[in-house]
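Letter by letter, the chains look like this.
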Amino acid sequence: MVNLTIDNLKMSVPEGSTILEAAKSAGINIPTLCAWPEIHHTPGACRVCMCEVEGQRNLVASCVFPVSEGMIVKTTTERVRHARKLNVELLLSNHPTDCNICIRNGSCELQKVAEAVGLRTVRFEYPQYKEKKLDQSSPSIVRDSTKCIKCYRCVTVCEEIQTACVLQPSFRGDKVFIGPPFDLPLIETNCTMCGQCVLACPVGALYEKDDTEAVWAALQDPTKHVVVQEAPAIRAALGEDLGMPVGTLVTGKMLTALRRLGFDKIFDTNFTADLTIMEEGSELLQRVKEGGTLPMITSCSPGWIKFCEHFYPDLLPNLSTCKSPQQMMGALIKSYYAQQAGIDPKDIVSVSIMPCTAKKFECQRDEMSDSGYQDVDYVLTTRELSRMIKQAGIDFANLPDSDYDNPLGEYTGAATIFGATGGVMEAALRTVYAIVTGTNLESMDITPVRGLEGVKEASVEVGALGKVKVAVAHGLANARKLMEQIRAGKADYAFVEVMCCPGGCVSGGGQPIAPSNEKRITRAAALYKDDGAVQKFRQSHENPSVKKIYEIFLEKPLGHKSHELLHTNYVHRGTDMPHGKKASVKKAKH
Amino acid sequence: MAAVDTNMTDAGLAEFTAEQLAQVDKIIADHRGKPGALIPVLEQVQEVCGYLPMAIQTVVSDGLGIPLANVFGVVTFYSFFTMIPRGKHVIRVCLGTACYVRGGQNILDKMSQVLKIEPGGCTEDRNFSLETVRCLGACGLAPVVVIDADTHGQVKPAKLEQVLAKYN
Ligand code: SF4
Ligand code: SF4
Ligand code: SF4
Ligand code: FES
Ligand code: FES
């Protein structure tokens, strides 16, 4: 431990701590922009965290300066206050002044820091930012370089957490530019559309493509039948964007809010999560029995799929052919449901609420129109839904609960845990075990695949199949580690789950901003509660609505209709940039 | 990002000879898998190709297995790398004090206008590069323009096109 004094407070902190960390532990919040607890990077770029250290001639950046024995630090001297103010002023002098209409108004860290240092005037203007252009090429993510403050947070996330290496610094000095090489439009790069950079960005320089206006328009159009589905992870995170504690399970309120917004039918992606288990479990058993490509790898995470198509196209045969639950639901809404309800699918607008920006890309893929129409028309992230709820003036926290609609709403606990890393694996093992052995697992909780360990392994004795080895990875750096093993033939897993985002969908790129491991764990706990304590059934094959759809429509898992509607194929993309317009998207039909 | 004109850099590999490309491949092969290979490879490749357009950076990125974004970051960081091709003829307009006083800036502006490029640029047909210099030690001849090895003194804006016509 090291003893030091900050602002006359004596404290003792672990060796190697920075002044910033020491101050924080004593309840002193030094403003920061580039330092970010989610990642280990020390660009020391923004200089808003300056402090005075006795014996040092110059002010130091507290986020990189290590503590030492007997150090005396001052964080509120005139010199410090002046320097911090000046540095924020300089940032703002080369920054647009349209806070009122900025997507980050109210959640912007630059606004907060300007407030924290007490800045009231900006005396200079460097209008270089005006030369930058808006990149709206991606269906998922908008890049507005005019607002970039060059904090490098997205760079570290894209390179180290996701290993896509799309956003990088180029040029130098006051010309530094953060973005894809050659300022290529994102759609022409290896971007996975994961949106983890969006969660990292302190300002409005990276954000989700906002599709709320199109959805409002559909809701107001009396000729349209607007159907909605919600991913498992929404119910564990929406509440916190609307003033409730992190990890509040808000399933019933969410469904009521969607009804108030005017959706005509409210289904649940959890239903098709159960269906995914039926199809994917059967596919796994078929591959094992018939000597198909193993390990089979899950395919519900579209950011992961695009990553695999770019960086591991040789492993595409390992991917399950199952569509993601979102796309299964999309295909069923405009076929099965339309048929059952006697509605012309061309009058249906299919909306999904997702924790994910990559889902916006997925729904526009050429392959995703097996109903004869674009299966899912609009994807809204959790943040967009929460904005719509706010715009509608709905007092979310005080809403009564309500229930999903049939026939595509009912779900089991196995489905709801899809939202946390390891959940698909756990759900699949429950059902595969039951199919193979004819009995249930002794305990439904398969804890080795839960939690935030980067790569998790488990081995389950499954009757006649013997020991089944499985692995789970979340975050693409961890996925890459597993793929390297598989590529080298050093992995003897039968089944591998990959989720693109760290922690899985509970911390997807479309979730409420400012992720942390604590939030990942708390949101996941809400889903495990839904599974363990709320839902009647905990195994996908027990879902009565799933049984029914096989009886009256799909016939059997991997049957003819399933192949037509629920399975898909993948594109060999490779890493050569710029990618042609092939990856680009069709216009939505409405 | 005003500083990069992607049209200029996206001309593809067609402009390079098979020989040049073979040399590039060899340079990459010689360095593949070695740590710190990127900068020496880029240096040698620039020597061979004259400049480092997007297509060449892509070849280097693929060959060394280094993301294009990192290659681009290095190319734009160091001033001795260039993404702008060199013209067959290099025009240098002097903006030293003597030349400036006697209308050097006018000459440069006119030159830009005639060639349709900014200083630092290269004409579409790759015939001319336009650069500026500070004093060529020929102040008595101001304003001075040097094209390749030829010094042109007391240049008049109106005569520029006539002078340029000699260089094809
Ligand atoms: S990024 Fe922040 S400071 Fe900049 S315009 Fe938006 S809200 Fe204002
Ligand atoms: S969306 Fe993901 S892959 Fe794309 S730039 Fe952002 S972090 Fe990188
Ligand atoms: S885009 Fe956002 S996260 Fe990336 S450097 Fe700019 S301000 Fe930082
Ligand atoms: S937070 Fe310390 S320099 Fe940016
Ligand atoms: S100033 Fe131009 S030659 Fe000296």
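Every chain is numbered independently, its residues counted from 1 as its sequence is written. To label them, take the chains in the order written and letter them from A, then take the ligands in the order written and number them from 1. Only residues with pLDDT of 70 or above have their local features reported here, since the model is predicted, and side-chain atom pairs are shown and tallied only from 80 upward, although totals for entire chains, interfaces and linings are computed over all residues. With hydrogens and water set aside, each side-chain value is computed from the structure's full complement of heavy atoms.

Peer 1: Hey, could you run me through helix α10 (residues 302-311) of chain A in this one?
Peer 2: Think of an α-helix as turning once every 3.6 residues; residues three or four places apart then point the same way. Residues and elements named next belong to chain A. The rule is simple: take the accessible area with a 1.4 Å probe, protein chains only, and divide by the maximum for that residue type; under 20% is buried, over 50% is exposed, in between is partly exposed. Runs of E in the DSSP output that reach at least two residues are strands. Runs of H or I that reach at least four are helices, and both are numbered from the N terminus. Counting buried positions along α10 yields 10 of 10 residues, so the element is predominantly enclosed. All buried positions along α10 are accounted for by P302, G303, W304, I305, K306, F307, C308, E309, H310 and F311. Contact between two residues is taken to exist if any of their heavy atoms lie within 4.5 Å; hydrogens are not considered. Contact partners of the buried residues in α10: β13 (296-297), α12 (358-362), α16 (476-487) and β18 (495-499).

Peer 1: What is the right way to read the sheet that holds strand β2 (residues 128-133) of chain B from this model?
Peer 2: Pairing between the strands of a sheet is mediated by backbone hydrogen bonds and can be parallel or antiparallel. All names here are of chain B. At least two bridges found by DSSP between two strands are what make those strands a pair. Pairing is mixed across the open sheet formed by 4 strands, whose spatial order is β2-β1-β3-β4. Each having just a single partner strand, β2 and β4 (150-152) make up the two edges of the open sheet. Adjacent strand axes in the sheet meet at a mean angle of 20 degrees, parallel and antiparallel pairs treated alike. Examined bridge by bridge, strand β1 (residues 89-94) and β2 share 6 bridges and lie parallel to one another. What sits directly across from R92, in β2, is E131. To define axes, lines are fitted to C-alpha atoms, for helices over the stretch in contact only, and angles between the resulting N-to-C directions are given on a 0 to 180 degree scale. Contacting β1, β2 and β3 (145-147), helix α7 (residues 104-115) runs over the sheet at an angle of about 150 degrees to β1.

Peer 1: Is there a simple way to explain the interface of chain A and chain B in this structure?
Peer 2: Interface extent is often summarised as the accessible area lost during association of the parts. Each partner contributes residues to the interface: chain A has 19 residues there, and chain B has 20 residues. Summed over both partners, the accessible surface that disappears when two parts come together, traced with a 1.4 Å probe, is what is meant by buried area. Between chain A and chain B, the buried area comes to about 1,700 Å², and carbon and sulfur atoms account for 69% of it. The three residues of chain A that bury the most area against chain B are F171, R172 and F182 of chain A, which together make up 46% of that side's buried surface. In the side of chain A that touches chain B, the residues fall into 10 nonpolar, 3 polar and 6 charged. Basically, the charged four are Asp, Glu, Lys and Arg, the nonpolar ten are Ala, Val, Leu, Ile, Met, Phe, Trp, Tyr, Cys and Pro, and anything else, Gly included, counts as polar.

Peer 1: In this structure, what is going on with the domain arrangement of chain A? I would like to understand it.
Peer 2: Residue and element names in this part refer to chain A. All domain edges in this entry derive from an automatic or database-based domain assignment. By domain assignment, chain A separates into domain 1 (2-92), domain 2 (130-209) and domain 3 (212-566). Averaged C-alpha coordinates put domain 2 and domain 3 at centres separated by 28 Å. With 21 residues of domain 2 at the contact, the number on the domain 3 side is 29 residues. Between domain 2 and domain 3 the total buried area reaches about 1,900 Å² when both faces are included, carbon and sulfur atoms providing 56% of it. It is T192, L199 and E208 that lose the most area in domain 2 upon contact with domain 3, and together they represent 32% of the buried surface on that side. A pairing counts as a salt bridge when a side-chain nitrogen of Lys or Arg comes within 4 Å of a carboxyl oxygen of Asp or Glu. Counting the contacts that link domain 2 with domain 3 gives 2 salt bridges. A 3.5 Å cut-off defines polar contacts: any pair of N or O atoms within that distance qualifies, except that in protein one atom must be a possible hydrogen donor and the other a possible acceptor, and neighbouring residues in sequence count only when both atoms are side-chain atoms. Applying the counting rule to domain 2 against domain 3 returns 16 residue pairs in polar contact (both at pLDDT 80 or more). Put simply, the parts of the chain that give the side of domain 2 that touches domain 3 at least two residues each are α4 (153-161) and α5 (196-200). A per-element tally of the side of domain 2 that touches domain 3 places α5 first, with 3 residues.

Peer 1: Is there a simple way to think about the site of ligand 1 in this case?
Peer 2: Every residue near ligand 1 is listed here: H95, D98, C99, C102, C108, L110, Q111, K147, V203 and G204 of chain A. Counted by class, the shell around ligand 1 contains 5 nonpolar, 3 polar and 2 charged residues. A molecule or strand has a residue near it when one of that residue's heavy atoms lies within 4 Å.

Peer 1: How do you make sense of the packing of helix α11 (residues 325-341) of chain A against helix α18 (residues 544-554) of chain A when you look at a structure like this?
Peer 2: Helix-helix packing is described using two parameters, namely the angle between the two axes and the distance between the axes. Residues and elements named next belong to chain A. Two numbers describe how α11 lies on α18: the axes approach to 12 Å, and their chain directions differ by 80 degrees. By the criterion of interaxial angle, the relationship of α11 to α18 is roughly perpendicular. Each of L332, S335, Y336, Q339 and Q340 in α11 lies in contact with α18, whose residues at this interface are I549, I552 and F553. Each residue belonging to the contact of α11 with α18 can be placed in one class, and the counts come to 5 nonpolar, 3 polar and no charged. We call two directions roughly parallel when the angle between them is under 35 degrees, roughly antiparallel when it is over 145, roughly perpendicular when it lies between 65 and 115, and oblique otherwise.

Peer 1: What should I look at first to understand helix α4 (residues 54-64) of chain B in this one?
Peer 2: All names here are of chain B. Within α4, 9 of the 11 residues are buried, leaving the element largely enclosed by the surrounding structure. Buried residues of α4: M54, A55, I56, Q57, T58, V60, S61, G63 and L64, and no others. Once α4 ends, the next one or two residues include G65, with phi positive near 65 degrees.

Peer 1: Please clarify how the side chain of T272 of chain A should be interpreted in this entry.
Peer 2: Residues and elements named next belong to chain A. Summarising the element assignment, T272 is placed in helix α9 (residues 269-290). Among the polar contacts made by the side chain of T272, one reaches the main-chain carbonyl oxygen of P325 at a distance of 3.0 Å. Every residue in contact with T272, bar those within four places of it in the chain, is listed here: P325, M328, M329 and L332.

Peer 1: Just to check I follow, could you spell out a nonpolar patch on the surface for this structure?
Peer 2: Together, F77, Y78 and F80 of chain B make up an exposed nonpolar region whose accessible area comes to about 270 Å². Structurally, the position occupied by Y78 of chain B is in the loop between α5 (68-77) and β1. Candidate patch residues must exceed 30% relative accessible area and have no salt bridge, after which like charges are joined if within 9 Å and Val, Leu, Ile, Met, Phe, Trp or Tyr side chains if within 5 Å. What sets the accessible areas is the Shrake-Rupley method with a 1.4 Å probe; for residues, cover comes only from the shown protein chains.

Peer 1: What should I look at first to understand the pairing of strand β14 (residues 348-354) of chain A in this one?
Peer 2: Each regular strand shows side chains that alternate between the opposite faces of the sheet. Residues and elements named next belong to chain A. With 7 of 7 residues buried, β14 lies mostly within the body of the structure. Judged by which residues are buried, β14 turns out to be covered on both faces: I348, S350, S352 and M354 on one side and V349, V351 and I353 on the other are all buried. Sheet topology places strand β11 (residues 225-230) next to β14; 6 bridges connect them, and they run parallel. Bridge pairing in β14 links H225 to I348. Direction of pairing for β14 relative to strand β15 (residues 378-381): parallel, over a ladder of 4 bridges. Each bridged residue has a counterpart across the sheet, and for I353 the counterpart in β15 is L380.

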